[in-house]
Amino acid sequence: MENLRLELVSIITQCAGVKTFRFRLDKEVPRKPGQYLIFTLDVNGKQVPKAFSISSSPTEKGYIEFTKKLTDSDFSKTLDALKPGGLFSLRLPMGKFTFEGEFPKAAFLSGGIGITPIRSIFKYATDIKLSSSLVLLYSARVPEQCVFKNDFAVMQKENKNIKMVYTLTDCKEEVPGFRFGAINEAMVKEDVPDYKERKFFMCGPPGMVEAMRAMLLTGLGISKESIITEDFTGY
Ligand SMILES: Cc1cc2nc3c(=O)[nH]c(=O)nc-3n(C[C@H](O)[C@H](O)[C@H](O)COP(=O)(O)OP(=O)(O)OC[C@H]3O[C@@H](n4cnc5c(N)ncnc54)[C@H](O)[C@@H]3O)c2cc1C
């Protein structure tokens, strides 16, 4: 675990209300894909720490990134007003929601901003050419809210072992290339036919993670040892 003071070098808008904050790393920090950091921000004179999954992969050298879903909170408004150039406190790495090829087959169920550690894991798997078969089922309200969709499309061209399935929960009619509705048993059975052979990684808003855990345990008979979760509860 390291306490670092890093320079904010760029802010990238991923989609409406979602931004990536990139910090320069002059010395690489040993970490695993999927881990998180604590970012401390001066909010109206008070030092406020919050947890954010690291959305950049350890294979992406020279910088480290987190990606936030912006809200109306004072912390979020202060973060959103930042300009590149300042020095900030980051403590890392933390967390056990990690994957470095431990299993030949894994499935990732996620929604909304819960995609952040999964971008790091899939980018790592692609860059170091892991042989593991990885499937992602990702739900978003509308196509424009599919965070990192372009990044995953680039990864998929390079890595034949990864598969992405996008489903929309807030569209009136079907959209080509997308499934329709929340992630459910039928979708897992259809898009992950070998689901019984896979470890399941789930990350997202606590309510979603809980609902999907119940679906896997009771609906699909997945053992709890095969389920690894990270829920984005406030720090
Ligand atoms: C291990 C871990 C990893 C995480 N990774 C990520 C990540 O990668 N990306 C990410 O976005 N989050 C992540 N989180 C969640 C993150 O730590 C914050 O809890 C989250 O971003 C919400 O913080 P906030 O300051 O925006 O809202 P909070 O302060 O938590 O407020 C919650 C809600 O209340 C409302 N609210 C708060 N203050 C006000 C106000 N003054 N006026 C009106 N409404 C208000 C906001 O609309 C907000 O939606 C992670 C959490 C954990 C534990």
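Residues numbered from 1 in each chain as written. Predicted model: local features only at pLDDT ≥ 70, side-chain atom pairs only at ≥ 80, totals over all residues. Heavy atoms only, no water.

**Observations regarding the nonpolar core**
Then comes step 1: Counting 32 residues, the largest nonpolar core has F108, I118, F122, L136 and F152 as the members making the most contacts within it.
Then comes step 2: Among the secondary structure elements, those contributing two or more residues to this core are β7 (105–111), α2 (116–127), β8 (133–140), α3 (149–158), β9 (162–168) and β11 (199–204).
Then comes step 3: Among the elements that line this core, the one with the most residues is α2, at five residues.
Then comes step 4: Ignoring anything within four residues of it in the chain, the contact list for F108 reads I118, I121, F122, L134, V135, L136, L137 and F201. (Core = buried A, V, L, I, M, F, W, Y, C linked by side-chain atoms within 4.5 Å. Buried < 20%, exposed > 50% of the residue type's maximum accessible area, 1.4 Å probe, protein only. Helix = DSSP H or I, 4+ residues; strand = E, 2+ residues; numbered from the N terminus. Contact = heavy atoms within 4.5 Å.)

**As for the site of the ligand**
Then comes step 1: Neighbouring residues of the ligand: 21 residues in total, closest K50, A51, K68, T71 and S73.
Then comes step 2: The fraction of the free accessible surface of the ligand (950 Å²) that becomes covered by protein chains is 68%.
Then comes step 3: Only β4 (46–53), β5 (63–69), α1 (74–80) and β12 (227–231) provide two or more residues apiece to the shell around the ligand.
Then comes step 4: Sorting elements by how many residues they give to the shell around the ligand places β4 first, with four residues.
Then comes step 5: Looking at the shell around the ligand residue by residue, the classes come out as six nonpolar, eight polar and seven charged.
Then comes step 6: Of the domains in this structure, domain 1 (2–94) and domain 2 (105–231) are the two that each give at least three residues to the shell around the ligand. (Near = heavy atom within 4 Å. Areas by Shrake-Rupley, 256 points an atom, 1.4 Å probe, with all protein chains shown as cover. Nonpolar A, V, L, I, M, F, W, Y, C, P; charged D, E, K, R; others polar. Domains from an automatic or database assignment.)

**A word on the side chain of S110**
Then comes step 1: Take S110: it is sitting in strand β7.
Then comes step 2: With relative accessibility at 0%, the residue S110 sits in the buried group.
Then comes step 3: Not counting the four nearest positions on each side in its chain, S110 is found in contact with I115, I118, L136, L137, Y138, S139, I183, C203, M208 and M212.

**Some points on the domain arrangement of the protein**
Then comes step 1: Per the domain assignment, the segments making up the protein are domain 1 (2–94) and domain 2 (105–231).
Then comes step 2: Facing the 19 residues of domain 1 at the interface are 15 residues of domain 2.
Then comes step 3: Both faces considered, domain 1 and domain 2 share a buried interface measuring about 1400 Å² in area, 62% of it formed by carbon and sulfur atoms.
Then comes step 4: It is P33, S55 and T59 in domain 1 that bury the most area against domain 2; as a group they hold 30% of the surface buried on that side.
Then comes step 5: Notably, a salt bridge pairs R119 with E60, separated by 2.9 Å at the nearest N-O pair. (Buried area = accessible area lost by both parts, 1.4 Å probe. Salt bridge = Lys/Arg side-chain N within 4 Å of Asp/Glu carboxyl O.)

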